[in-house]
Amino acid sequence: MSQGRILDLIKAQCRIFSLTFNPQRLRLGNKILRQRLRGPALAAWYPQKTVSFRDLQNTYKPLGLTTFDEAEDDREEAIQIAKLRGKGRPKKKRTAAESRSAKKKK
Amino acid sequence: MSKAAASMFRPKKLDLSGFVNTRLIRDHNKRNAFEQMEPERQALRYLIRNTTLPQRVRAQAQLQLSQMHVYTRPTQIKNRCVASGTARSVFRDFRLNRVRTEPLMVPSD
């Protein structure tokens, strides 16, 4: 078989299997186009956020249903105790003048 | 492309559950950034590798790729332990580090 016939055969093969016909073996960069995207697999490494207790609370609050959150209850109790001991949070400064006077005291 | 802060890749609300760490969140942001920009990166890489294109086009593509934000680079991504955030000796199959996999490796009687 002649060289030309072989080339024609390869050309037809490339057309059928949708490959790039490149008899000169030029660097066409098709290697890059053949690569699969790695992004979705890499981005799924860490566990995504699912439904939390807070979401449950938020969905049932408009319906008037109350939920019991033990951690939140404990926190509020601790705050009450701190306030009784005079260790509560300071009053929020609403204006610039208020915050300035607070600084001067020190 | 202008210089941009890393905060542009940070979601408004944290979309992770389980162990969370500053460095873990940063890595997660990098992963998301890479996923978002991967087609563009691959397109530029194709232009650079194609030797039949004019030299000017290829040089411009090289410049554009190098000027993309660091967070969009795959080499910035580091596999971290899902349970403790450790970056060292993390088993890819478990996504856990050496210490966290040890309890799983106890032979069952």
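Residues numbered from 1 in each chain as written. Chains lettered and ligands numbered in written order. Predicted model: local features only at pLDDT ≥ 70, side-chain atom pairs only at ≥ 80, totals over all residues.

In the nomenclature of an unreviewed UniProt entry, chain B is known as 37S ribosomal protein MRP2 of Penicillium atrosanguineum. If you open the UniProt record of chain B and go to Sequence similarities (unreviewed entry), you find "Belongs to the universal ribosomal protein uS14 family." (UniProt positions renumbered as here; feature names shortened; annotations may be inferred.)

In the nomenclature of an unreviewed UniProt entry, chain A corresponds to Small ribosomal subunit protein mS33 from the organism Penicillium atrosanguineum. The annotation that UniProt attaches to chain A under Subcellular location (unreviewed entry) is "Mitochondrion". Under the Sequence similarities (unreviewed entry) heading, UniProt states for chain A: "Belongs to the mitochondrion-specific ribosomal protein mS33 family."

Attention shifts here to the overall build of chain B. Per the secondary structure count, chain B includes three helices and two strands. Of the regular secondary structure in chain B, the N- to C-terminal order runs α-α-β-β-α. A globule of 109 residues ought to have a C-alpha radius of gyration of about 13 Å, yet chain B, at 19 Å, is considerably larger. By principal-axis analysis of the C-alpha atoms, chain B measures approximately 65 × 35 × 20 Å. Counting across all 109 residues of chain B, residues that qualify as buried make up 15%. (Helix = DSSP H or I, 4+ residues; strand = E, 2+ residues; numbered from the N terminus. Rg over C-alpha atoms; globule rule 2.2 N^0.38 Å. Buried ≥ 20, exposed ≤ 12 C-beta atoms within 10 Å, placed from the backbone.)

On a plain count of helices and strands, chain A comes out with six helices and zero strands. Overall, chain A shows an N-to-C arrangement of helices and strands of α-α-α-α-α-α. Against the compact-globule benchmark of 13 Å for 106 residues, chain A has a radius of gyration of 35 Å, which places it well outside the compact range. Relative to its 106 residues, chain A shows a buried fraction of 2%.

Before going further, it helps to spend a moment on the domain arrangement of chain B. Residues and elements named next belong to chain B. As far as domains go, chain B holds domain 1 (19-78) and domain 2 (82-109). Of note, the centres of domain 1 and domain 2, computed from C-alpha atoms alone, are 30 Å apart. Domain 1 puts five residues into the contact, and the matching count from domain 2 is five residues. Grouping the constituent residues of the side of domain 1 that touches domain 2 by class yields two nonpolar, one polar and two charged. (Domains from an automatic or database assignment. Contact = placed C-beta atoms within 7 Å. Nonpolar A, V, L, I, M, F, W, Y, C, P; charged D, E, K, R; others polar.)

Residues and elements named next belong to chain A. Position of Gly88 among the secondary structure elements: in the loop between helix H5 (70-84) and helix H6 (96-105). Measuring from C-alpha to C-alpha, the distance between Gly88 and Asp55 comes to 29 Å, with 33 residues separating the pair along the chain. Apart from the residues within four sequence positions on either side, Gly88 is in contact with Ala82 and Lys83.

With that settled, consider the confidence of the model for chain B. Residue and element names in this part refer to chain B. Within chain B, residue pLDDT values average 91, and 96% of them lie at 70 or more. Per-element averaging of pLDDT across chain B places helix H3 (residues 98-101) at the bottom with 92 and helix H2 (residues 55-66) at the top with 96. The ipTM for the predicted assembly is 0.82, set against a pTM of 0.75. (pLDDT = per-residue confidence, 0-100.)

Now for unusual backbone geometry. Even without being glycine, Ser18 of chain A reaches a positive phi, approximately 45 degrees. Assessed through the 6 C-beta atoms surrounding it within 10 Å, Ser18 of chain A is described here as exposed.

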